[in-house]
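Overview (structure and organization)
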Amino acid sequence: MKDKVRRGGGRNQAKTDVITLTGGKDAACVKQEDDTSFPVKIQGAGVEPFELQVHGFWLVQDAVMALLSRPEVCPRSSLSLALAGTTLHPLAHLQSLKGLKPGSILRLVEEPYTAHSARLHLGRVLELLRASGPQDALREGRSPSILETLTNSHAPDSVLTNGKSLKRSSSNTKTEPANQDAAPPEYLLPGSQERPLMALLPNSSHSEVASYVRDMSLSCWNPPPGHRKLQGDFMYITVVTMEGRRCDITSCPKGFYLNRSTEEVFDPRSAQSSPVCHCFTDLLCHISPTFKQTFITLKNRPQLPPEEVMPTPYHTLSWLGPPCASRTHKNTFSRLAVDNLAATQAPDWNEELQAARDLPQGTLEERVLRDKTLLQVNNAFVRAVTQGAETVIDGFVEPVNGNPEDPAFLWGGLFMSQGAASAVFGGERGRRAAQRLELKGVQAYSDLDSGLQGLHTLPTAVVDYRGVRLSAQGLAPGLENSEQDQATPPASRGLLYGVNAGPQESPHRRRLLELLAHAAKAFSLQKNVVIAPKGHQVPLFTSVDAQGLLGADGRFYVLDVFRTFPADANYCLEVQAEGGTDTGVEEETKSSEEEADNISCVKEEGWEQNFHLDSGLAKIFPHSLCRLRPELMQAFIQHKHSQFTQCVREKLEESGGFEEGATACDSRGTDAVRSACKVVGSVSNIIFEMRFNPNIFSPGVSFPESEKASITLQKRLLREAAAFIIRKQIPAFMEDCLQSSEVPMDGVSLKQALHQKGINLRYLGNVIKAISQSEHKECLRHITRLAIGEIVVRSTRRVFNSFLQGVDVPSLSAAVSHFLCCLLVPHFSPMAVGEETKKKSRRRGRGAGAPESTPWSTLTGAELWNLLCQDAVETYNISDSLGSGSNHLVEHYGLQKLSLLREFCLKTGVQLRLRDYLLDNQSKAPIGPDDILNIFPVVKHVNMPMVDASKAYRAAQNSIQKGFLDQAHEHLKEAAYLFGRVYDDLHPEACYCLSLLAKVSYLQGKTAEARSVQLKAVVVSERVLGFDHPNTIQQYTLLAVYMYAGGETALAQKCLLRARLLMLTVHGEDHPYTATLDSCLGLVLTEDQAGQFLKNALRLNASFFGPTDLHIALNQHLLAQWMCTKGDYRCAMTHEKEALSAFTSLFGEDHPQTRCSTEFLRTITQQAVRVERSLRQAGADCTEHAIECLTPTSDTILEQMCLVTGIKKITHSDRLQEFKQRLLERMVAETKEEANKVSKEPVASENGAEKSSDQETGCGKETGDGGSPAEEHSNDNQTDQPAEETSPESPVIVAANAHVEPEEQKPQGEKTETEGVDSAQSDSVATDAMNGEAEVREETNAQNEVKSSTETGSDEVNGEINGALDTTADPSNLKNKEALADVVSKATTGNVTGDKDTEVNGVAENNITANGIAEE
């Protein structure tokens, strides 16, 4: 495992600069130039001399690892470095070596092999010889990268000329990338219903792997006999060269040499004229001339970028496999048995993980090493879980227990089990939910690792394979033999905490309780008391299931955390039965009269009026483990905090005035706080504090009588939180989908968007119901389509899991294909398929396959649909929405069968053969047994965070929000550097960081850098998230913009067409993002195709947005512009009039965009009159000349692409400019009055005041209209930034599309303009990030104005915008009058930047805004 930890540790450390972090200042990281980077010369070991750039902070072994990855050295191994004849110690720092300086010569020294290192060397050789196979990724089920094929100018078949449908239209398609007029294929044109899969995964431009040898395997003379072992023989290898020569090779400490053995005679002596080669390939080159020639070609081939060839940390499933999997299956080197080397010894996964967690974190280098080690350990653990699940479920491992209902397995250091199907939790559904929630609980405790060094969890993963879900964990220390000591007390066995621990007291227990109390504070959980099975009271900081124990390794562990978070009151039996088993003391004394009172006191119990009638909740769920998400808890706490501040304000106003009550020293403020705490349900009556009891509504839990008041309050809070999902979060999700064009495209992105709002997927039925009752039902039809598809796929997966349990292994392919046919073909009958299978089997000389009497073969389409509809009704509470088959979904919701098939394969691990499927054929089975290539395990695992890189990324987002693009660029380079060192860039967070870095670079005018970084972002997205993931579609679109900016119009077209192909496959044409793609295609294409895409974009936007929406206005303008190029000025005038009407409605008549549209309409009108006059005079030449004059330039098209894609955005309001103007006028007047008193030169004072006010407010130089951004830059380093530039046709502001975590998202607010900012000033300027992903509120600018006005004594202006300020006071400070005034009035100017986090209940929450406006 140590080798795995160090592997690849130095590759990405070869950067141009070193990053250091300074703690405690808004997570800002300081980047400094690396003064220790210098070149050295490498010689020796039979390689050509070359130069290597090293860093002083590297260890010697880091330099060796960097050398081993160089093409000049690969595949050599077992090397060390020597300086001046002295071998260097592997753990020595380069900067500590005496005599090492720039230009020094380091010699490679060949070290003797061991038996282990010799096998590792063979593995490196095989890895090199296997590389560059175009279909390798698909054969292994991994998502490939298509970008290289798309952008390679020498590709024989581009992405647009592959597939059956492309061959039919080959006359319209050109393979030369320089041809910008190549027409898109027919299946990519608007309105096409053809969805060819062959075009999704085109052939690679690299040639197939050359044949180096005919065969290579372990010799039949293995293992070496005893007398040869004593002479150093490790193993014997048999090689058959391409010339047909059979050679036996001996592996020894010095290397490899040719022996004299044959198939009949064992003679291990060295052959005559055979050298001893340290590298295996050197010996093969000596033996075989053909191998030498092909190997030289291999070494001289163009090197792919590291992100394309390095293995991804985790397996990203590709639901499509190679088209001819059986014909291409050949593994020449499998009989060397080096692939099974890792399975010889089972590692202790728990010790590996805990040792990595215990690594020091004092410096940045230590934290980077720790994070990388954690990632590598978790990566190896997940790989072992994947292999173990296949081995166990395939039947190669016997269970270690005798329970057939809950078999447990030990394999490779893993404990794997299905878990007991408890009737209390809901049987099979409850068992699967418990395994999933256990993983989420482990993830939650792992995320607290920085603050809880002493609390540990076991390495955990959940894997689904062939319909079975297994939970895999590392072996807990000291617990394997605990069953032998059942007679001993629990404390001696290590159990310190839990309902079964018993009363005990020890220093270890006190320390464990401190750690659990800290975790409970972070999770907003309340300390509670329950009654143990033996009758004594037990105080708990967790759920009743959790156990805390002291392992044999001296570490504290917390187990069984699947009920860490509180219950969802909308799906609890106790909500309807009111007083089941959760209040054991009153269970027998509660009367029916009291139950009736509970129904009448709806508001007091937490339910809103008519909530049950409106929502259809509460209801019984198939399992009893419905828990609230942590995102929902945080949103609910912020909602409650807003209610609290508003309530305090109202109470103070009722008791004599807000200002007087907030600053008085009497009890009015305290009484107001106490009253507000009671109203909002705070667990404390003196401060705002929200805590939740995870044991409320849990079956079988009893509380003592002393907890009655607390239990009543907790029930009320959980009911309010449950109602908060329906009343607030679902409408907020719908609003986000209406306001943004980057809405979910598939089930994965829909799940992510819902989870960001804290909405569980069991509420999909409520989401559909809310949309159907909304006035924006038609605008949200794509969300309804996604929700319906997700319900169908998830219900189908549950039916599929049960279906597979009755299928024997030889029939798996036929059974899966039969199931898919029943799903996709309504009223599917298996009889015709059985006859067809028999015919195919007879033609191939096989039997007729599985008999028709098998249970799985009798399933019909109607039966399957009834089963999944029943599951959907029980789980999602929808009825009569799914119809009688998949055709109903196509007709009523526009759902594609191909999208349904893709989602099903991704969720179940099924891989299909790459071909075009005719899913609408009702008479023939669209999918056959040969189309099912494989079923891969689907693994859910713990994600290891990279703290420092994430901090730098968030700092970049904050800088973007303030308008400091230079600072954002530095932070993003720092974050990308750290992500590269830890993740090797192959991680979703690294992809988001690279994408944002490319966008900021482009906004700074660094087009080449933006293109280079975005290329890497696309590759990472394809390999880590998936070649058809929605994020990959967006990355291709951004890449097209940067390529067009660099003059690569043909490649920009290919990228956009690739994005549209993926969009059609994933969702279909009816989606807002399709309109974005079509607008871009209309700008980069020529002739009539451009008009087709622009008209389709207008049609889509008109159906998703209102007639006066900005998207519609831009589309109308683009259509008018295109029609001018065609000479159709009348239609152009019509469209531009619509655009002008929309701009006027949005911005007013004085807005620059409105004036630009008016000017453009005037130009069109004049041109139309001129053309009409020319036509009357028979002047055809004048008409052609006029058309050319109105053709847009490349810069104009690029600017419009930035607007369409959201890189830049038109300002929505001039309200801030009006406020600034009023502020300037007031400050000028005040300065004038002061100047009149002290001087007789008022004019000079007035001018000085204007200049001073400009600097204080950070306005820079304003334009005359007050509505456009500044035209000059106060920062000399940003003189070329497009961020500040304006165009006469489209005044814009800069925006960056940042991918943020749910807690970092800001609510949408007023859009503001970007102003020129002096980098030395502390005033922050707000920009408006695109599409709701890093929304910046107007409050940032307003805060700066408040600060400026406070300095000049402008109290009136201060009071005018105080309502936009953020509260940053801790609620615990409400004990004194000053803190009370700060929280309630928000009239403080001490912290106006809005960057400081407010801590509520021990959890840092960003920018909690208190409602209300301070009145003077």
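Residues numbered from 1 in each chain as written. Predicted model: local features only at pLDDT ≥ 70, side-chain atom pairs only at ≥ 80, totals over all residues. Heavy atoms only, no water.

What to know about the overall build of the protein chain
Formally: Only DSSP runs of H or I with at least four residues qualify as helices, and only runs of E with at least two residues qualify as strands; both kinds are numbered from the N terminus onward. Accessibility here uses a 1.4 Å probe with only protein chains present; expressed as a share of the type maximum, an area under 20% marks a residue as buried, one over 50% as exposed, and anything in between as partly exposed. In what follows, a contact means two residues having at least one pair of non-hydrogen atoms within 4.5 Å. Surface accessibility in these figures is a Shrake-Rupley result with a 1.4 Å probe; residues are shielded only by whichever protein chains are displayed.
For the protein chain, the helix and strand inventory stands at 49 helices and 29 strands. Counting every position in the protein chain, which comprises 1416 residues, the buried fraction comes to 56%. Put simply, 71% of the contacts in the protein chain that link residues at least 6 apart link residues at least 24 apart. Of the roughly 59100 Å² of accessible surface on the protein chain, a fraction of 50% belongs to carbon and sulfur atoms.

With respect to the nonpolar core
Put simply, the rule is: As used here, the term nonpolar core means buried Ala, Val, Leu, Ile, Met, Phe, Trp, Tyr and Cys residues forming a set that is joined through side-chain atoms within 4.5 Å.
By size, the foremost hydrophobic cluster in this structure holds 297 residues, and its most contacted members are Phe-733, Leu-882 and Leu-912. Sorting elements by how many residues they give to this core places helix H23 (residues 708-739) first, with 14 residues. Of all hydrophobic cores here, the second largest spans 28 residues; its members include Val-213, Ile-249, Cys-277 and Leu-284.

Some points on the environment of Arg-107
To keep things clear, this is the line we draw: Definition of a polar contact: a pair of N or O atoms within 3.5 Å, with one able to donate and the other able to accept a hydrogen when the atoms are protein atoms, and with sequence-neighbouring residues admitted only if both atoms are side-chain atoms.
As for its position among the elements, Arg-107 is in strand S7 (residues 105-110). Separated by 24 residues in the primary sequence, Arg-107 and Leu-83 have C-alpha atoms spaced 6.6 Å apart. Residues within four places of Arg-107 in sequence aside, it is in contact with Gln-43, Gly-44, Ser-80, Leu-81 and Ala-82. Polar contacts involving the side chain of Arg-107 include one to the side chain of Gln-43, which spans 3.3 Å.

Re the packing of helix H32 (residues 947-962) against helix H33 (residues 965-983)
Test applied: Lines fitted to C-alpha atoms define the axes, with helix axes restricted to the stretch in contact, and inter-axis angles between N-to-C directions lie between 0 and 180 degrees. Angle categories: roughly parallel below 35 degrees, roughly antiparallel above 145, roughly perpendicular from 65 to 115, and oblique for all the rest. Two helices that cross are described as forming a left-handed crossing if the nearer one is turned anticlockwise from the farther one by less than a right angle, and a right-handed crossing if clockwise.
Two numbers describe how H32 lies on H33: the axes approach to 8 Å, and their chain directions differ by 160°. By the angle class used here, H32 and H33 are roughly antiparallel. Here the hand of the crossing between H32 and H33 comes out left-handed. Two secondary-structure elements touch here, H32 through Asp-948, Ala-949, Ser-950, Ala-952, Tyr-953, Ala-955, Ala-956, Ser-959 and Ile-960 and H33 through Gln-967, Ala-968, His-971, Leu-972, Glu-974, Ala-975, Leu-978 and Phe-979.

A closer look at the sheet that holds strand S17 (residues 468-474)
Heads up, the rule is: Two strands pair under a simple rule: DSSP has to find at least two bridges between them.
Read across the sheet, five strands follow the order S13-S14-S17-S16-S25 without closing on themselves; strand pairing throughout is antiparallel. Edge strands, defined here as strands with exactly one partner in the open sheet, are strand S13 (408-411) and strand S25 (938-941). Along the sheet, successive strands turn relative to each other by an average axial angle of 25°, direction set aside. Its contacts with the sheet put helix H14 (residues 427-447) on strand S14 (414-417), strand S16 (460-465), S17 and S25, and the angle it makes with S17 is roughly 35°.

What about the pairing of strand S9 (residues 235-241)?
Counting buried positions along S9 gives six out of seven residues, so the element sits mostly inside the fold. Strand direction decides the pairing type here: S9 and strand S10 (residues 246-252), joined by six bridges, are antiparallel. For Met-235, the partnering residue across the bridge sits in S10 and is Ser-251. Linkage of S9 to S10, two consecutive antiparallel strands, is achieved through a turn of four residues, within which Gly-244 is found at a positive phi near 90°.

Some words on helix H13 (residues 364-393)
Each α-helix turn comprises 3.6 residues. Residues three or four places apart therefore point the same way. Spelled out, the test is: Here the expected span of a helix is defined as 1.5 Å times the quantity of residues minus one.
The terminal C-alpha atoms of H13, which comprises 30 residues, lie 43 Å apart, in line with the 44 Å expected from a rise of 1.5 Å per residue. By the criterion of burial, H13 is predominantly enclosed, with 24 of the 30 residues buried. Count one or two residues on from H13 and you reach Gly-395, which has phi positive near 95°.

Digging into the state of the cysteines
Linking two cysteines covalently via their sulfur atoms produces the bond known as a disulfide. Operational definition: Note on disulfides: each one is a pair of cysteine sulfur atoms within 2.5 Å.
Applying the stated criterion across every chain, the model contains zero disulfides. A disulfide-free cysteine, Cys-285 has its sulfur positioned 8.4 Å from the sulfur of Cys-279, the nearest such atom.

Concerning the packing of helix H38 (residues 1072-1084) against helix H39 (residues 1087-1104)
Note the cut-off: When residues are grouped by polarity, Ala, Val, Leu, Ile, Met, Phe, Trp, Tyr, Cys and Pro land in nonpolar, Asp, Glu, Lys and Arg in charged, and all others, Gly among them, in polar.
Contact geometry of H38 with H39 gives a least axis separation of 8 Å together with a crossing angle of 155°. Taken together, the axis directions place H38 and H39 in an arrangement best described as roughly antiparallel. Between H38 and H39 the crossing geometry is left-handed. Judged by residue contacts, Pro-1072, Thr-1074, Ala-1075, Asp-1078, Ser-1079, Leu-1081 and Gly-1082 of H38 engage Ala-1090, Phe-1093, Leu-1094, Asn-1096, Ala-1097, Leu-1100, Asn-1101 and Phe-1104 from H39. For the contact of H38 with H39, the class distribution of residues is nine nonpolar, five polar and one charged.

Details of the sheet that holds S10
Working definition: the strands of a sheet are paired by backbone hydrogen bonds and lie parallel or antiparallel to each other. An order of S8-S9-S10-S11 is seen for the four strands of this open sheet, with the pairing classed as antiparallel. Each end of this open sheet is capped by a strand with a single partner; those strands are strand S8 (213-218) and strand S11 (255-258). Neighbour-to-neighbour, the strand axes of this sheet turn through a mean angle of 25°, independent of strand direction. Sheet topology note: the S8/S9 ladder contains five bridges and is antiparallel. Bridge pairing in S9 places Ser-217 opposite Thr-238. Here helix H3 (residues 115-130) sits on the sheet and contacts S8, S9, S10 and S11; the angle it forms with S9, its principal contact strand, is near 20°.

Re the pairing of strand S3 (residues 38-43)
Only one face of S3 is covered, namely the one carrying Phe-38, Val-40 and Ile-42; the face carrying Pro-39, Lys-41 and Gln-43 has none of its residues buried. Bridge analysis of S3 against strand S4 (residues 50-54) gives five bridges, and the strand direction is antiparallel. Counterpart to Ile-42 in the pairing with S4 is Phe-50. In this structure, the hairpin formed by S3 and S4 is closed by a connection of six residues, where Gly-44 is found at a positive phi of approximately 95°. With three bridges connecting them, S3 and S7 associate as parallel partners. Bridge pairing in S7 places Lys-41 opposite Ile-105.

Quick notes on the environment of Gln-957
Structurally, Gln-957 can be placed in helix H32. Considering only alpha carbons, one finds Gln-957 and Leu-972, 15 residues apart in sequence, at a separation of 8.8 Å.

Considerations on the packing of aromatic side chains
Heads up, the condition is: Two rings from Phe, Tyr or Trp (for Trp, the six-membered ring) form a pair when their centres sit within 6.5 Å of each other. Planes less than 30 degrees apart are called stacked, planes more than 60 degrees apart edge-to-face, and all others tilted. We call a charge positioned above a ring when the Lys NZ or Arg CZ atom is no farther than 6 Å from the ring centre and deviates by at most 35 degrees from the ring normal.
Using the criterion set out here, one finds 22 aromatic pairs in the structure. Taking the centre distance of 5.7 Å and the plane angle of 65° together, the rings of Phe-523 and Phe-565 count as edge-to-face. One end of the pair, Phe-523, is in the loop between helix H15 (507-522) and strand S19 (528-531); the other, Phe-565, is in the loop between strand S22 (556-559) and helix H16 (573-577), and 42 residues separate them in sequence. The pair formed by Phe-523 and Phe-565 is uniform in burial state, with each residue classed as buried. Taken together, Phe-800, Phe-803, Phe-819 and Phe-904 form an aromatic cluster joined through their ring pairs. Across from the ring centre of Phe-1104, 4.1 Å away, lies the NZ or CZ of Arg-781, which sits over that ring.

Considerations on helix H34 (residues 988-1003)
Between its terminal C-alpha atoms H34 stretches 23 Å, which fits the 22 Å expected from 16 residues at 1.5 Å a residue. In terms of residue burial, H34 counts as a mostly covered element, since 14 of its 16 residues are buried. Directly beyond the C-terminal end of H34, a positive phi value near 90° is found at Gly-1005.

Here's the deal with the side chain of Ser-1001
Mapped onto the fold, Ser-1001 is located in helix H34. The class for Ser-1001 is buried, based on a relative accessible area of 0%. Every residue in contact with Ser-1001, bar those within four places of it in the chain, is listed here: His-969, Lys-1006, Glu-1009 and Ala-1010.

A word on a nonpolar patch on the surface
Rule in force here: Note on patches: the residues involved have over 30% relative accessible area and no salt bridge, like charges join within 9 Å, and the nonpolar side chains Val, Leu, Ile, Met, Phe, Trp and Tyr join within 5 Å. Between Lys or Arg on one side and Asp or Glu on the other, a salt bridge is scored when a side-chain nitrogen of the former is within 4 Å of a carboxyl oxygen of the latter.
Side chains of Val-400, Leu-410 and Phe-415 sit close together on the surface and give an oily, nonpolar patch of about 250 Å² of accessible area. Along the chain, Phe-415 falls in strand S14. On the basis of relative accessibility, which here comes to 32%, the residue Phe-415 falls in the partly exposed class.

Re unusual backbone geometry
Backbone torsion omega between Cys-74 and Pro-75 reads 10°, so that peptide bond is classified as cis. Position of Pro-75 among the secondary structure elements: in the loop between helix H2 (60-68) and strand S5 (79-83). The residue after Asn-222, namely Pro-223, is reached through a cis peptide bond having omega -10°. Mapped onto the elements of the fold, Pro-223 is located in the loop between S8 and helix H7 (226-229). Within the chain, Asp-985 stands out as a residue other than glycine whose phi angle is a positive 70°. Considering the arrangement of structural elements, one finds Asp-985 in the loop between H33 and H34.

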